[in-house]
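# Breakdown of the fold
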Amino acid sequence: MMQNAKTESELSKNLAKVRSKIRQAAEKANRNVDEIKLVAVSKTHSVETLQTAISVGAGILGENKVQEAEEKIEQIGREKAEWHLIGHLQSNKARKAVELFDVIQTLDSVKLAKRLERICQEENRESLSVLVQVDLANEKTKSGVLRKDLPEIIEFLQTCKRLKFDGLMIIPPFFEDAEKVRPYFSELKKLRDELLEQNVFANETGELSMGMSGDFEIAIEEGATIVRVGTAIFGARKRG
Ligand SMILES: *Cc1c(COP(=O)(O)O)cnc(C)c1O
């Protein structure tokens, strides 16, 4: 399943290219590039490739499966990078996720939030950063909180002592034409801005995690503070 190891020069070249595009998109949108974090999405890639990526400056890594992440993080070291969970979290993997990840980007139910809060208490984890994954397209097959259900989870997060509600995340529907995804990004930003006025975030700005290899520049133009880029850094993934 794992891909062949990527070389240091390949990864550093790709990272530089992505960072330069991030800078250009930020400039185009009159934004400060320092407010945009790059999550290098390393799912399906080998421990060796991840270690090389870290050595050439990938500071934040994104994984979508708890078990795959566990194997990698055990070998690489928890403290060697910041680890983000970007895939759906099943409740039976919640304890493991609390142990492994710095940020859970895919919080999608009150039930899961309750469980994570309780596990943090039990495991003496002082704080856990979470983003709420929002489903703006009403895609029933995908995870994510529907707009109408947002108030309930946000209200619950206000009562949490350990979970830090740091922002919103979206995986929009796929379009061949990346421009078609722009309305989802701008709508998520609008939602974030409304929530900012309600003072519900644990930080001052409210993160917006949106944009992948095919559309991260558009996402940045629309206000992304976190982009999740896999293919443009690591190359194409083999299908599982
Ligand atoms: C795989 C994945 C990405 C990265 O996708 P690329 O197109 O390879 O950049 C970003 N976000 C999520 C949630 C993913 O699962």
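Heads up: these notes are all about the structure in this document. For every chain, the first residue of its written sequence is number 1, and the numbers climb from 1 along that sequence. It should be noted that, the model being predicted, local features are given only for residues of pLDDT at least 70 and side-chain atom pairs only at 80 or more, the latter also being counted only at that level, while totals for whole chains, interfaces and linings use all residues. Calculation of side-chain values draws on the structure's entire complement of heavy atoms; hydrogens and water are dropped beforehand.

## Topic: the site of the ligand
In the region of the ligand, the neighbouring residues are Val41, Lys43, Ile86, Ile171, Met212, Ser213, Arg228, Val229, Gly230, Thr231 and Arg237. Within the contact set of the ligand, an oxygen atom lies 2.7 Å away from a side-chain nitrogen or oxygen of Lys43. Between N or O atoms, a polar contact is any pair within 3.5 Å; within protein, one atom must be a potential hydrogen donor and the other a potential acceptor, and residues adjacent in sequence are included only when both atoms are from side chains. Take Ser213: an N or O atom from its side chain is 2.5 Å from an oxygen atom of the ligand. Note that Gly is not counted as nonpolar here; it falls among the polar residues with everything else outside the nonpolar set of Ala, Val, Leu, Ile, Met, Phe, Trp, Tyr, Cys and Pro and the charged set of Asp, Glu, Lys and Arg. Residue composition of the shell around the ligand, grouped by class: 5 nonpolar, 3 polar and 3 charged. Being near a molecule or strand, for a residue, means having at least one of its heavy atoms within 4 Å of it.

## Looking at the pairing of strand E1 (residues 37–41)
In terms of burial, E1 is a largely internal element, 4 of the 5 residues being buried. Note: two strands are recorded as paired if DSSP finds a minimum of 2 bridges between them. In this text, helices come from DSSP runs of H or I with a minimum length of four residues, and strands from runs of E with a minimum of two, each type numbered from the N-terminal end. Summarising the sheet, E1 and strand E2 (residues 60–63) pair through 2 bridges and their orientation is parallel. By the bridge assignment, Ala40 is partnered in E2 with Leu61. The handedness rule is simple: strands pointing away from the viewer, and a clockwise path from the first strand over the helix to the second, make the crossover right-handed. The β-α-β motif built from E1, the intervening helix H2 (residues 47–55) and the parallel element E2 has right-handed crossover chirality. Only protein chains enter the accessibility calculation, which uses a 1.4 Å probe; a residue is then buried when its area is under 20% of its type maximum, exposed when over 50%, and partly exposed in between.

## A closer look at the side chain of Arg162
Structurally, the position occupied by Arg162 is in the loop between helix H6 (150–158) and strand E7 (163–169). The convention is simple: Lys and Arg are positive, Asp and Glu are negative, and His and the chain ends are not counted. Criterion for a salt bridge: a side-chain nitrogen of Lys or Arg within 4 Å of a carboxyl oxygen of Asp or Glu. For Arg162, which is buried and forms no salt bridge, the nearest opposite charge comes from Glu126, at a distance of 4.9 Å. The contact partners of Arg162, leaving out residues within four places of it in the chain, are Glu117, Cys120, Gln121, Asn124, Arg125, Glu126, Ser127 and Leu128. The contact criterion used throughout is that any non-hydrogen atoms of two residues lie within 4.5 Å.

## Digging into the packing of aromatic side chains
Pairing of aromatic rings covers Phe, Tyr and Trp, the last counted by its six-membered ring, and requires centre-to-centre distances within 6.5 Å; plane angles under 30 degrees mean stacked, over 60 mean edge-to-face, and any other angle means tilted. Applying the stated criterion to the full structure yields 2 aromatic pairs. A ring pair is formed by Phe165 and Phe201, whose centres lie 4.9 Å apart and whose planes are at 45°; its orientation type is tilted. You can see Phe165 sitting in strand E7 and its partner Phe201 sitting in the loop between helix H7 (182–197) and strand E8 (207–209), a full 36 residues away along the chain. Both residues of the pair, Phe165 and Phe201, count as buried. Note on criteria: charge over ring means Lys NZ or Arg CZ within 6 Å of the ring centre, with the direction from the centre no more than 35 degrees off the ring normal. Lying over the aromatic face of Phe156, Lys114 brings its terminal NZ or CZ to 5.8 Å of the ring centre.

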